[in-house]
Amino acid sequence: SEPYLVTLPYGVITVTDTAEQGLARFNDDKGMLDLESLVRQGDFRVGVPFGRSMGVRYSRMIESMKGSPGLFMRQGAVGARGLLEMLFSGRIDAMVGFPTEVNYVMRQMGRDPSLLGFHPVRGGDPATFLYFGCSNSSLGERVISRLNPYLVANRGRYAKIYEAWLNESTRRRYLREIRPLLR
């Protein structure tokens, strides 16, 4: 289909008051975090979900960092919740995740999502475009051709729903940098 929504990509999530100052030296002049240097130097422990596909760029990046002192590959079915529990208990200093997923889990945990900071990663995807897909057949093509006008006409509505799942700091970044990519 035509893209119906553009979202923030994976990024590094921190508890705002604990790790923020230490990350500044790993940011470039555009505010992008050098995740690879951060993980390789070993002062910060960054948790990532083991076995989860994060797209080509992130998967390659994580694969190249395996064995680094600052990388923690978390196994288990609880995904973002397990990493958030580790983050708040101090077992890791940061985690890689989707802002909306992490904010949703924070709310389930009874925690305020505004406690979290989101850091875009240098070399990662600048944004994530969402699409509907169907089988590559004449029926699938007909479905998509009928669906596209509805998707395009409702992009603003989908964006508003998405924005409701962002905390204030990620919402500001989304409105400034990401949402304008899909007009």
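Residues numbered from 1 in each chain as written. Predicted model: local features only at pLDDT ≥ 70, side-chain atom pairs only at ≥ 80, totals over all residues. Heavy atoms only, no water.

J.: How should the overall build of the chain be read in this particular structure?
T.: A tally of helices and strands in the chain yields 8 helices and 7 strands. Here the C-alpha radius of gyration of the chain, 18 Å, is about what a compact globule of 183 residues would show, namely 16 Å. Overall, the chain is about 55 × 35 × 30 Å in size when its C-alpha atoms are taken along their principal axes. Within the span of the chain, comprising 183 residues, buried residues form 44% of the whole. Across the chain, the fraction of contacts at a sequence separation of at least 24, relative to all contacts at a separation of at least 6, is 73%. Here the chain has roughly 9700 Å² of accessible surface; of this, 51% comes from carbon and sulfur atoms. For the chain, the distance from the average position of its 25 positive side-chain charges to the average position of its 18 negative side-chain charges is 6 Å. (Helix = DSSP H or I, 4+ residues; strand = E, 2+ residues; numbered from the N terminus. Rg over C-alpha atoms; globule rule 2.2 N^0.38 Å. Buried < 20%, exposed > 50% of the residue type's maximum accessible area, 1.4 Å probe, protein only. Contact = heavy atoms within 4.5 Å. Areas by Shrake-Rupley, 256 points an atom, 1.4 Å probe, with all protein chains shown as cover. Lys, Arg positive; Asp, Glu negative; His and termini not counted. Charge placed at Lys NZ, Arg CZ, Asp CG, Glu CD.)

J.: Which parts of the structure should I look at to understand the sheet that holds strand β6 (residues 116-119)?
T.: Sheet strands line up and pair through hydrogen bonds in the backbone, either parallel or antiparallel. The strand order across the open sheet built from 5 strands is β4-β3-β5-β2-β6, with neighbouring strands paired in mixed fashion. One side of each edge strand has no neighbouring strand; the edge strands of this open sheet are β4 (71-74) and β6. Direction aside, the axes of adjacent strands within the sheet are offset by 30° on average. Across 2 bridges, the pairing between strand β3 (residues 46-49) and strand β5 (residues 94-97) is parallel. Considered in β5, the bridge of Val46 is made with Ala94. Across the face of the sheet, helix α4 (residues 79-89) comes into contact with β2 (11-15), β3, β4, β5 and β6 while running at roughly 160° to β5. (Pairing = 2+ DSSP bridges. Axes fitted to C-alpha atoms, helices over the stretch in contact; angles between N-to-C directions.)

J.: Would you mind going over the packing of aromatic side chains with me for this structure?
T.: How two aromatic rings sit relative to each other is set out by the distance from centre to centre and by the angle between their planes. Evaluation of the coordinates by the stated rule reveals 5 aromatic pairs. Plain terms: the ring middles of Tyr10 and Phe98 are 4.1 Å apart, the flat faces sit at 25° to each other, and that makes the pair stacked. Here the residue Tyr10 occupies a position in the loop between β1 (5-7) and β2, and Phe98 occupies one in the loop between β5 and α5 (99-108), the gap between them amounting to 88 residues. The exposure class of Phe98 is partly exposed, given its relative accessible area of 21%. (Phe/Tyr/Trp six-rings, centres within 6.5 Å; stacked < 30°, edge-to-face > 60°.)

J.: Where do I start with the packing of α4 against α5 in this structure?
T.: Geometrically, a packed helix pair is captured by the angle between its two axes and the distance between the axes. Running from N to C, α4 and α5 point in directions that differ by 70°, and their axes come no closer than 10 Å. Our classification of the angle between α4 and α5 gives roughly perpendicular. Two secondary-structure elements touch here, α4 through Ala80, Arg81, Leu84 and Phe88 and α5 through Glu101, Val102, Val105, Met106 and Gln108. Class assignment for the residues of the contact of α4 with α5 results in 6 nonpolar, 1 polar and 2 charged. (Parallel < 35°, antiparallel > 145°, perpendicular 65-115°, else oblique. Nonpolar A, V, L, I, M, F, W, Y, C, P; charged D, E, K, R; others polar.)

J.: What should I look at first to understand the environment of Pro113 in this one?
T.: Assignment of secondary structure puts Pro113 in the loop between α5 and β6. Measuring from C-alpha to C-alpha, the distance between Pro113 and Thr100 comes to 9.6 Å, with 13 residues separating the pair along the chain. Excluding anything up to four places from it in sequence, Pro113 contacts Asn103, Met106, Arg107 and Asn167.

J.: What should I look at first to understand a nonpolar patch on the surface in this one?
T.: A grouping of Tyr104, Ile161 and Trp165 is seen on the molecular surface, where their side chains present a nonpolar patch of about 300 Å² in accessible area. You can see Tyr104 is positioned in helix α5. Judged by its relative accessible area of 39%, Tyr104 falls in the partly exposed class. (Patch = residues over 30% accessible without salt bridge, like charges linked within 9 Å, V, L, I, M, F, W, Y side chains within 5 Å. Salt bridge = Lys/Arg side-chain N within 4 Å of Asp/Glu carboxyl O.)

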